[in-house]
Amino acid sequence: DCLVQYGFLEETNTETVLFSYHGRLVHQKGLNVLENAIPLCIEKNDNLRFVIIGQGDVILEKKQIELAKKYPGKVLYLRGYHKALARLCVAISDYIVLPSFFEPCGLEDFISSIVGTIPVAHKTGGLQKIINNKTGFLYSQNTEDVLSTKLLELVDFKNNHNLEFLKMIKAASEKVHYTYDWSKVIKEHYIP
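Residues numbered from 1 in each chain as written. Predicted model: local features only at pLDDT ≥ 70, side-chain atom pairs only at ≥ 80, totals over all residues. Heavy atoms only, no water.

(A) Examining the sheet that holds strand E5 (residues 95-98) more closely. What the seven strands build is an open sheet, ordered E1-E4-E3-E2-E5-E6-E7; its pairing is mixed. This sheet does not close on itself; its edge strands, each paired only once, are strand E1 (3-7) and strand E7 (137-139). The mean inter-strand angle of the sheet, taken between neighbouring strand axes irrespective of direction, is 20°. Relative to E7, strand E6 (residues 118-122) runs parallel, the two being bridged by three bridges. What sits directly across from Val120, in E7, is Phe137. Most of the contacts of helix H1 (residues 31-44) go to strand E3 (residues 48-54), to which it runs at about 160°, and overall it touches strand E2 (17-22), E3, strand E4 (75-80) and E5. (Pairing = 2+ DSSP bridges. Helix = DSSP H or I, 4+ residues; strand = E, 2+ residues; numbered from the N terminus. Axes fitted to C-alpha atoms, helices over the stretch in contact; angles between N-to-C directions. Contact = heavy atoms within 4.5 Å.)

Next comes the structure, spelled out in structure tokens:
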């Protein structure tokens, strides 16, 4: 449970949108797509902030450190892992970004939904359980251009469609709680 902080976040306002990524820093998770999308987003909208927490591939870690240095106040990278802090980073975010190239199961979308953070994910594997435009957002082509366009759209969604944004938070949380409740899963899937 050791973390090293790189960068910081500037003070925010009501228009600021916070995106987070929590997980292993490995190629599978699409970190190179996210790290290339972040500059495209920040250059077009000054009210975006990014929090990245995790560890893994040394090259990917170095790239996160470089982003935090290049965009002071906009990008915070926490290298390492601390479960409680990781959950808090996700919980304070408006969206969690999951740009995985492949994802057999996907738990971060569940965790984020439970704590009130809307998942934004590449449409692959276990992340496809997100109901697009209802419990989160899915995108098909996993490129920095597509991802940055989606993230910029979501800034507008949060700031200009607040009621729909709040309804989505509720729908995502309810979906996890009611669909994946153990008593329901056992009764409807395991016993039959």
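There is more to say after this.
(B) A look at the nonpolar core. By size, the foremost hydrophobic cluster in this structure holds 36 residues, and its most contacted members are Phe19, Phe50, Val75 and Tyr95. Considering each element in turn, this core owes the most residues, seven residues, to H1. In contact with Tyr95, other than residues within four places in its own chain, are Val17, Leu18, Phe19, Ser20, Thr117, Ile118, Val120, Phe137, Leu154, Phe157, Lys158 and Phe165. (Core = buried A, V, L, I, M, F, W, Y, C linked by side-chain atoms within 4.5 Å. Buried < 20%, exposed > 50% of the residue type's maximum accessible area, 1.4 Å probe, protein only.)

(C) Just the pattern of salt bridges, in detail. A complete count under the given rule lists ten salt bridges for this structure. A salt bridge links Glu103 to Lys29; its shortest N-O distance comes to 3.0 Å. You can see Glu103 sitting in the loop between E5 and helix H4 (108-114) and its partner Lys29 sitting in the loop between E2 and H1, a full 74 residues away along the chain. Overall, Glu103 belongs to the buried group, its relative accessible area being 12%. By relative accessible area, which is 13% here, Lys29 ends up buried. For Glu153, the salt bridge is made with Lys150, and the minimal N-O distance between the two is 3.5 Å. (Salt bridge = Lys/Arg side-chain N within 4 Å of Asp/Glu carboxyl O.)

(D) Local environment of helix H5 (residues 144-160). In a regular helix each residue adds 1.5 Å, so 17 residues correspond to 24 Å; H5 covers 24 Å between its end C-alpha atoms and thus fits that length. Turning to H5, its buried residues are Leu147, Ser148, Lys150, Leu151, Leu154, Val155, Phe157, Lys158 and Asn159. (Expected span 1.5 Å × (residues − 1).)

(E) Spotlight on the side chain of Ser148. Mapping Ser148 onto the fold places it in helix H5. On the accessibility criterion, Ser148 (5% relative accessible area) is buried. Those residues in contact with Ser148 that sit more than four places away from it in its chain are Ala37, Leu40 and Cys41.

(F) Inspection of the side chain of Arg49 at higher detail. Along the chain, the position of Arg49 falls in strand E3. Residues contacting Arg49, with those up to four places away along its chain left out, are Leu9, Glu10, Glu11, Thr12, Thr16, Val17, Leu18, Phe19, Gly73 and Lys74.

(G) Highlighting the packing of H1 against H5. Between H1 and H5, the shortest axis-to-axis distance is 8 Å and the interhelical angle comes to 45°. The pairing of H1 with H5 is recorded here as oblique in orientation. For H1 against H5, the interelement crossing comes out right-handed. Note on element contacts: H5 touches H1 through Glu144, Asp145, Leu147, Ser148, Leu151 and Leu152, opposite Val33, Leu34, Asn36, Ala37, Leu40, Cys41 and Lys44. For the contact of H1 with H5, the class distribution of residues is eight nonpolar, two polar and three charged. (Parallel < 35°, antiparallel > 145°, perpendicular 65-115°, else oblique. Left-handed = near helix turned anticlockwise from the far one by under 90°. Nonpolar A, V, L, I, M, F, W, Y, C, P; charged D, E, K, R; others polar.)

Distances and angles like these do not, on their own, reveal function.
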